[in-house]
Amino acid sequence: MSLTTAGKTPGPVRFYLACDHRGCDARTTFDLVIPDPGPSRDDDLWGYLLHHAHTATPHIKELGWAYIHGDGYWCPDCCTAAHHQPHPLPGHT
């Protein structure tokens, strides 16, 4: 998967998203202020690692990107060109 972040919560986080569709080099960057610090590493390692992504999911969808199960994130052009029915982003239906 090609969603990476820079920054710590609570506070501003920069998101870097690259299309995982083979041969596509589309990329986008956006910033979000995440006020919730999320779970601690000791309490919930998985939740700690995914906190940024779950918070950004609605914004990623607004940008037209989709998470394709087994393939990762696809940009709007690849989603449309493939006529692929995207699965919901993790944690959202």
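In this report, the structure presented in the accompanying data block is examined. The structure presented is a predicted model; accordingly, all values stated were derived computationally and were not measured.

1. Description of the overall build of the protein chain
- Tallying secondary structure elements over the protein chain gives 2 helices and 5 strands in all.
- Starting at the N terminus and walking to the C terminus, you meet the elements of the protein chain as β-β-β-α-β-β-α.
- Looking at the protein chain as shown, the accessible area adds up to about 6000 Å², and 54% of this sits on carbon and sulfur atoms.

2. Some thoughts on the environment of Cys78
- Mapped onto the secondary structure, Cys78 falls in helix 2 (residues 76–82).
- Apart from the residues lying within four places of it in its own chain, the contact partners of Cys78 are Cys19, His21 and Cys24.

3. Focus on the pattern of salt bridges
- Per the stated rule, a full pass over the model turns up 1 salt bridge.
- Measuring nitrogen to oxygen at the nearest pair gives 2.6 Å for the salt bridge that ties Arg14 to Asp31. Within this pair, whereas Arg14 is found in strand 2 (residues 11–18), its partner Asp31 is found in strand 3 (residues 27–34), the two being separated by 17 residues in sequence.
- Look at Arg14 and you get partly exposed, because its relative accessible area is 36%.

4. Focus: the packing of aromatic side chains
- Taken as a whole, this structure holds 2 aromatic pairs when the rule is applied.
- Seen in terms of ring centroids, Tyr67 and Tyr73 are 5.4 Å apart; in terms of plane orientation they differ by 65°. Their pairing is edge-to-face.
- The class of Tyr73 is buried, set by a relative accessible area of 2%.

5. Some remarks on the sheet that holds strand 1 (residues 3–6)
- The sheet built from 3 strands is open, its strands ordered 1-2-3 with antiparallel pairing. The open sheet has two edge strands with one neighbour each: strand 1 and strand 3. Each strand axis lies, on average, 25° off the axis of its neighbour in the sheet, ignoring direction.
- Both strand 1 and strand 2 contribute to a ladder of 4 bridges, which runs antiparallel. Looking at strand 2, one finds that Thr5 is bridged to Phe15.
- Contacts between helix 1 (residues 45–62) and the sheet are confined to strand 1, strand 2 and strand 3, with strand 3 contributing the most and set at about 115° to the helix.

What counts and how
- Residues numbered from 1 in each chain as written.
- Predicted model: local features only at pLDDT ≥ 70, side-chain atom pairs only at ≥ 80, totals over all residues.
- Heavy atoms only, no water.
- Helix = DSSP H or I, 4+ residues; strand = E, 2+ residues; numbered from the N terminus.
- Areas by Shrake-Rupley, 256 points an atom, 1.4 Å probe, with all protein chains shown as cover.
- Contact = heavy atoms within 4.5 Å.
- Salt bridge = Lys/Arg side-chain N within 4 Å of Asp/Glu carboxyl O.
- Buried < 20%, exposed > 50% of the residue type's maximum accessible area, 1.4 Å probe, protein only.
- Phe/Tyr/Trp six-rings, centres within 6.5 Å; stacked < 30°, edge-to-face > 60°.
- Pairing = 2+ DSSP bridges.
- Axes fitted to C-alpha atoms, helices over the stretch in contact; angles between N-to-C directions.

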